[in-house]
Amino acid sequence: MIAVFRIPRKRLLPALAGLVLLAACQSVNLGGGPSINTGAPVPVALLVPGGSEAAGDAVVARSLENAARMAISDLDGVQIDLRVYDTAGRPEQAATAARQAVGDGAKIILGPLYAQSANAAGLAVASRGVNVLSFSNNPQIAGGNVFVLGPTFSNTARRLTSYATAQGLDDFMIVHDPDVAGELGRTAIGTAVIANGARIAATGSYELSQNGVVQAVPDLAQSAKDSEADAIFFTASAAGALPLLAQLMPENGVDPQQVRYIGLTRWDIPPSTLSLPGLQGGWFALPDPQMTALFTSRYEAAFGTPPHPAAALAYDGIAAIGALVQQGKSDALTVAALTQGAGFAGVGGTFRLLTDGTNERALAVAQIENNQVRVIDPAPRRFGGPGF
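In this report, we go over the structure that sits alongside the text. Predicted model only: the values in this text are computed from it and were never measured. (Residues numbered from 1 in each chain as written. Predicted model: local features only at pLDDT ≥ 70, side-chain atom pairs only at ≥ 80, totals over all residues. Heavy atoms only, no water.)

1. Things to note about the sheet that holds strand 6 (residues 131-134)
Strand order in this open sheet of five strands is 4-3-5-6-7, and the pairing throughout is parallel. Strands at the two margins of the open sheet, each flanked by one partner only, are strand 4 (80-86) and strand 7 (146-148). Sheet twist, expressed as the average angle between the axes of neighbouring strands with direction ignored, equals 25°. Pairing analysis gives seven bridges linking strand 3 (residues 42-48) to strand 4, with the strands arranged parallel. By the bridge assignment for strand 4, Val-42 is matched with Ile-80. Where helix 3 (residues 115-125) meets the sheet, it contacts strand 3, strand 5 (108-110), strand 6 and strand 7, and its direction lies at approximately 170° from that of strand 6. In this fold helix 9 (residues 311-325) packs onto strand 3, strand 4, strand 5 and strand 6, with an angle of close to 155° to the strand it touches most, strand 5. (Pairing = 2+ DSSP bridges. Helix = DSSP H or I, 4+ residues; strand = E, 2+ residues; numbered from the N terminus. Axes fitted to C-alpha atoms, helices over the stretch in contact; angles between N-to-C directions. Contact = heavy atoms within 4.5 Å.)

2. Quick notes on the layout of surface pockets
Looking at the largest pocket, its volume works out to about 1,700 Å³. In this structure, the largest pocket is lined by 48 residues; those nearest its centre are Asn-137, Pro-151, Arg-266, Ile-269 and Pro-309. Secondary structure elements with two or more residues in the lining of the largest pocket: helix 4 (153-166), helix 5 (180-195), strand 12 (283-286), helix 8 (289-303), helix 9 and strand 17 (372-377). Classifying every residue of the lining of the largest pocket by side-chain character gives 32 nonpolar, twelve polar and four charged. (1 Å grid on protein atoms, 1.4 Å probe; cavity = no way out; pocket = protein on both sides within 12 Å on 5 of 7 lines; lining within 4 Å. Points joined across faces, edges and corners; volume = space filled by probe spheres on them. Nonpolar A, V, L, I, M, F, W, Y, C, P; charged D, E, K, R; others polar.)

3. What to know about unusual backbone geometry
In this model, Gly-111 is joined to Pro-112 through a cis peptide bond whose omega is -5°. Following the sequence through the fold, Pro-112 ends up in the loop between strand 5 and helix 3. Backbone torsion omega between Ile-269 and Pro-270 reads -10°, so that peptide bond is classified as cis. With respect to the helices and strands, Pro-270 occurs in the loop between strand 11 (260-263) and strand 12. Positive phi is not limited to glycine here, since Ala-88 has a value of about 60°. Within the secondary structure layout, Ala-88 lies in the loop between strand 4 and helix 2 (91-103). A positive phi angle is found at Glu-228, which is not glycine, with a value near 60°. Within the secondary structure layout, Glu-228 lies in the loop between helix 6 (210-226) and strand 10 (231-234).

4. Here we look at helix 9
Taking 1.5 Å per residue as the helical rise, helix 9 with its 15 residues ought to reach 21 Å, and the 21 Å between its terminal C-alpha atoms agrees with that figure. Buried residues dominate helix 9, accounting for 15 of its 15 residues. (Expected span 1.5 Å × (residues − 1). Buried < 20%, exposed > 50% of the residue type's maximum accessible area, 1.4 Å probe, protein only.)

5. Concerning the environment of Ala-239
Relative to the helices and strands, Ala-239 is located in the loop between strand 10 and helix 7 (242-251). Separated by 41 residues in the primary sequence, Ala-239 and Ala-198 place their C-alpha atoms 30 Å from one another.

6. Side note on the nonpolar core
Leu-133, Phe-135 and Phe-295 are the most contacted members of the largest nonpolar core, which totals 46 residues. Those elements that provide at least two residues to this core are strand 3, helix 1 (57-73), strand 4, strand 5, helix 8, helix 9, helix 10 (335-338) and strand 14 (349-353). The leading source of residues in this core is helix 9, at eleven residues. Sequence-distant contacts of Phe-135, that is, excluding residues within four places in its chain, are made with Leu-46, Leu-47, Leu-64, Leu-110, Gly-111, Pro-112, Leu-113, Leu-149, Gly-150, Leu-313 and Ala-314. Membership of the second largest hydrophobic core comes to 35 residues, among which are Ala-202, Ala-216, Ala-366 and Ile-368. (Core = buried A, V, L, I, M, F, W, Y, C linked by side-chain atoms within 4.5 Å.)

7. Considering the environment of Asp-171
Residue position: Asp-171 is located in strand 8 (residues 171-175). Once you skip the residues sitting within four places of it in the chain, Asp-171 turns out to touch Arg-199, Ala-201, Glu-228, Ala-229, Asp-230 and Ala-231.

Quick look at the structure:
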């Protein structure tokens, strides 16, 4: 039996349906978090990269705060006392901000954005029993009192590999960046391939430079042909090696009409990536496009500019907190409450926090056709169904 706890809404559009808590009807032993008074405003700290010297951090900070306040305005019957702290994008300042926030009475921390800052913030308040819902997607910092709300490579790899094997693809080549992110991506893909009973046909990499990619592609292409791979999984993003790989792999005899190209990153960001000839017919994963578009339109109407991609995480974090607090339980922000198995329905789709500090998010599988995105397998709306 599944009980659905809905957040009462003031101005949330019906199609968005807010964020709902889908809590399994079972008793759990809650622990790992502070006790709260749900009859009073719940102090929530938002850590943003304000005050940073890095270009763009001020824009990100503003977008995160805007989305969080929009989420608060959509709550009814739940009072959130949001307090915003700048981290300047630095771990040491994030730790200081986290300690100050808890000293000011914060019962949970939302943010910060960067992995090292989130790790520092979590360590700073661990002894106080306060949980941190960071905007990072780096699983290496997850665990204990630190959760990552950002989409993880493991989650994306599982979704795409599961769909691919269901379509009869069994032999995967992994082509990855040589940096830390690329290595994490390779591991995530390899784990997903094995878990789905498929074969890692080959792996390959390149020096992270234009010349390095150009020099490596002939060998990569030959490896793809020799291994008889029927799919190639790329970890590269559009800002990195992906455009060159998409051009040179076909030129070296790996026809994307015969071998399925699959991306671990978003191939619709920036939109110009969709026009790359080598990616036509390729697959990638993304949050529910309709729900994302609705959130974007609401944000633009409220603030006059498009949201930063991380803004949806700030909305989801606040709304998840609101959904838990709305139940009226003093242990609503404990680890056990945050990680209840049925999860939440967020502005980008269904998601849940896992006990290891990572998350699982519902993703749609999309194919690039005629320079446009076509969803070929919709994002599931509930855990345990198709797509999970």
